[in-house]
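A closer look at the structure
Each chain, letter by letter, is given below.
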Amino acid sequence: MRILTLFLVSVLVAACDYMPDKPLRPRVVRVETAQYARYVKKDFAGLSTADDATNLAFKIAGQVLSVPVVKGDSVAKGALLAVLDPRDVELQVEANRSAFEEARSRLERAKRLRDHDAVSQQEFESAQTRYSQARSAYDNSSDLLKDTRLRAPFAGVIERTYVDAFQRVTAGQTILRLVNPVSTTVGFTIPESSLPQLTRKTTTFSVRFDNIPEVEFAAEVKDYARTASDASGFPVSLRLLGVDRQRYHIIPGMSCTVTMRTIDELQDAVALPISAIYAPMSGGDYVWTVDSTDVVSLHRVRLGEIFDRDRVLVDSGVMPGSRVVVAGVYRLKEGEQVRVIR
């Protein structure tokens with residue numbers, strides 16, 4: 001009996017040694033039919049920016065008398081924002097006014113003398129010149145007196161103040177920043193590879209704000225920089241189109257997603273999920289295709305750019321209509337039988 005048992009065990013071990021290496025059941029794979037790309041869609045992180053924003057400053061130096069606004073205040077167009085001590089300017093205005101009155105009196109006297117040929121033409125023209133110069137100085141100083149009061153050029157919100165009362169400032173020194181609280185402008189940066197698509201007539205833009213996810217706003221290019229100051233990309237500004245301001249309140253600083261959609265110039269390019277790309281350690285980019293008998297084969301491809309978050313353009317190597325494996329590409333072998341699921 002013991003001898004019979006040992007014999008049966010040895011037979012079973014031998015049988016196991018001759019079991020085939022192939023799995024008993026075909027490997028299950030998920031496929032997608034390759035189609036022409038037709039268009040490329042890319043998403044970028046954006047931010048709404050103020051339509052109007054400016055740093056306000058006095059044209060002359062002096063001591064700040066008062067700043068009657070604070071950060072966050074809403075102001076109307078023409079509202080008083082800051083006042084500069086006008087005493088120095090008032091003294092200059094008075095001096096220039098006196099000089100202007102004297103020059104005007106001399107010119108009138110020269111006119112009367114000229115009518116009686118009692119003054120030369122040269123002396124009369126000199127009086128005219130002195131009058132013009134005095135009048136210009138008086139007008140300029142009068143304008144400077146107006147400039148001691150800083151007013152809002154448009155309705156907006158005080159974003160920040162930079163000086164306090166009784167502080168001395170120089171000409172052109174920023175006093176405060178005024179922004180328009182309504183925004184129809186969105187800014188984002190674009191990589192160099194996408195810059196040529198920016199000016200194509202077939203390129204369209206849409207914007208979806210994080211706090212208004214159910215609405216997609218159409219947009220157009222407002223302006224963009226043709227040079228980049230750093231490696232972050234090229235700044236682009238979009239103008240939102242047809243925004244219902246009564247319903248949607250878009251203010252500066254709202255985060256959003258900018259979608260750029262453009263027609264693909266390569267007519268033979270197809271679009272596939274990034275998960276379909278097989279990139280072995282030996283190098284190269286490949287995809288697995290499944291024929292009509294559900295057998296896989298490996299094809300080398302030339303990749304284009306990534307778009308729409310998780311898709312890639314395949315410029316060559318795959319024909320439209322081919323069934324391409326999009327899941328489990330690193331477990332397959334050439335000529336392997338598979339079972340396809342969609």
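So, how was this worked out
- Going along each chain's sequence as written, the residues are numbered from 1 onward.
- Given that this is a predicted model, residues contribute local features only at a pLDDT of at least 70 and side-chain atom pairs are listed and counted only at 80 or more, while totals for whole chains, interfaces and linings are drawn from all residues.
- Note that water and hydrogens are dropped before the side-chain values are worked out from all heavy atoms of the structure.
- Two strands form a pair only when DSSP identifies at least two bridges running between them.
- Each helix is a run of H or I in the DSSP string that is no shorter than four residues. Each strand is a run of E no shorter than two, and both are numbered from the N terminus.
- With a 1.4 Å probe rolled over the protein chains alone, any residue whose accessible area is under 20% of its type maximum counts as buried; one over 50% counts as exposed, and the rest are partly exposed.
- We define a salt bridge as a contact between a side-chain nitrogen of Lys or Arg and a carboxyl oxygen of Asp or Glu at a distance within 4 Å.
- Planes of paired rings set the category: under 30 degrees apart is stacked, over 60 is edge-to-face and the rest tilted, where pairs are Phe, Tyr or Trp rings (Trp by its six-membered ring) whose centres lie within 6.5 Å.
- By the criterion adopted, a ring carries a charge over it if an Arg CZ or a Lys NZ lies within 6 Å of its centre and within 35 degrees of its normal.
- Joining through side-chain atoms within 4.5 Å is the link that ties buried Ala, Val, Leu, Ile, Met, Phe, Trp, Tyr and Cys residues into a set, and such a set is a nonpolar core.
- Two residues form a contact once any of their heavy atoms are found within 4.5 Å.
- Cavity: a set of points on a 1 Å grid over the protein atoms alone where a 1.4 Å probe fits but cannot get out. Pocket: an open set with protein on both sides within 12 Å along at least five of seven lines, its lining residues, like those of a cavity, having an atom within 4 Å of a point.
- Grid points are joined across faces, edges and corners, and a volume is the space filled by probe spheres set on the points.
- Under the scheme applied, nonpolar residues are Ala, Val, Leu, Ile, Met, Phe, Trp, Tyr, Cys and Pro; charged residues are Asp, Glu, Lys and Arg; polar residues are all the others, including Gly.

Some remarks on the sheet that holds strand β4 (residues 53-57)
Sheet strands line up and pair through hydrogen bonds in the backbone, either parallel or antiparallel. Read from one edge to the other, the open sheet built from four strands follows the order β4-β11-β9-β6, with strand pairing classed as antiparallel. Only two strands of the sheet have a single neighbouring strand rather than two, namely β4 and β6 (74-75).

Topic: unusual backbone geometry
Glycine aside, residues mostly have negative phi, and peptide bonds are mostly found in the trans state. Located in the positive-phi region is Phe166, a residue other than glycine, with phi close to 70°. Mapped onto the fold, Phe166 is located in the loop between β9 (156-161) and β10 (168-169). In the Ramachandran plot, Asp294 falls in the positive-phi region, its phi being about 65° despite a non-glycine side chain. Structurally, Asp294 can be placed in the loop between β18 (286-290) and β19 (296-300).

Comments concerning the sheet that holds strand β2 (residues 35-36)
Strand order in the open sheet formed by four strands is β2-β17-β21-β20, with antiparallel pairing between adjacent strands. The sheet is open, and its two borders are formed by β2 and β20 (302-307), each paired with just one other strand. Direction of pairing for strand β17 (residues 270-273) relative to strand β21 (residues 311-316): antiparallel, over a ladder of four bridges. Bridge pairing in β21 links Leu272 to Val312.

Comments concerning the pairing of strand β15 (residues 234-240)
Successive residues of a regular strand alternate their side chains across the two faces of the sheet. Across the seven residues of β15, five count as buried, placing the element largely inside the fold. Pairing of strand β12 (residues 185-190) with β15, which is carried by six bridges, proceeds in the antiparallel orientation. Of the residues in β15, the one forming a bridge with Thr185 is Arg239. Examined bridge by bridge, strand β14 (residues 217-224) and β15 share five bridges and lie antiparallel to one another. Counted as the bridge partner of Ala219 is Leu240 from β15.

A look at the pattern of salt bridges
Taken as a whole, this structure holds 12 salt bridges when the rule is applied. With its nearest N and O atoms 2.9 Å apart, the salt bridge here joins Arg323 to Asp294. Residue Arg323 is found in strand β22 (residues 323-327), and its partner Asp294 is found in the loop between β18 and β19; the two are separated by 29 residues along the sequence. Overall, the relative accessible area of 18% leaves Arg323 in the buried class. Assessed through its relative accessible area of 22%, Asp294 is described here as partly exposed.

Concerning the packing of aromatic side chains
By convention here, two paired aromatic rings are described through the distance between centres and the angle between planes. Applying the stated rule across the entire model yields nine aromatic pairs. Residues Phe100 and Tyr138 carry aromatic rings whose centres are separated by 5.6 Å and whose planes lie at 10° to one another, so their mutual orientation is stacked. Of this pair, Phe100 sits in helix α2 (residues 87-115) while Tyr138 sits in helix α3 (residues 121-146), placing them 38 residues apart in sequence. Residue classification places Tyr138 among the partly exposed positions, given a relative accessible area of 22%. The positively charged end of Arg226 is found above the aromatic ring belonging to Tyr224, 4.6 Å away from the centroid.

Observations concerning the nonpolar core
Ranked by internal contacts, the top residues of the largest apolar core, which has 24 residues, are Ile190, Val207, Phe209, Leu240 and Val258. Of all the elements in the fold, those that place two or more residues in this core are β12, α4 (195-198), β13 (204-209), β14, β15 and β16 (255-263). For this core, the leading source of residues is β15, giving four residues. Filtering out sequence-adjacent residues up to four positions away, Leu240 remains in contact with Thr184, Val186, Val207, Phe209, Phe217, Ala218, Ala219 and Ile250. Counting residues in hydrophobic clusters, the runner-up holds 21 residues, among them Ile60, Val69, Val75 and Val169.

Notes on the layout of surface pockets
Here the idea is plain: a probe the size of a water molecule rolls over the atoms and shows the empty space left. Roughly 150 Å³ of internal volume is contained in the second largest pocket. Contributing to the lining of the second largest pocket are Glu32, Thr33, Ala34, Gln35, Tyr36, Ala37, Tyr39, Ala271, Phe307, Asp308 and Arg311. Of all the secondary-structure elements, those providing two or more residues to the lining of the second largest pocket are β1 (27-33) and β2. Of the residues that constitute the lining of the second largest pocket, the class distribution is six nonpolar, two polar and three charged.

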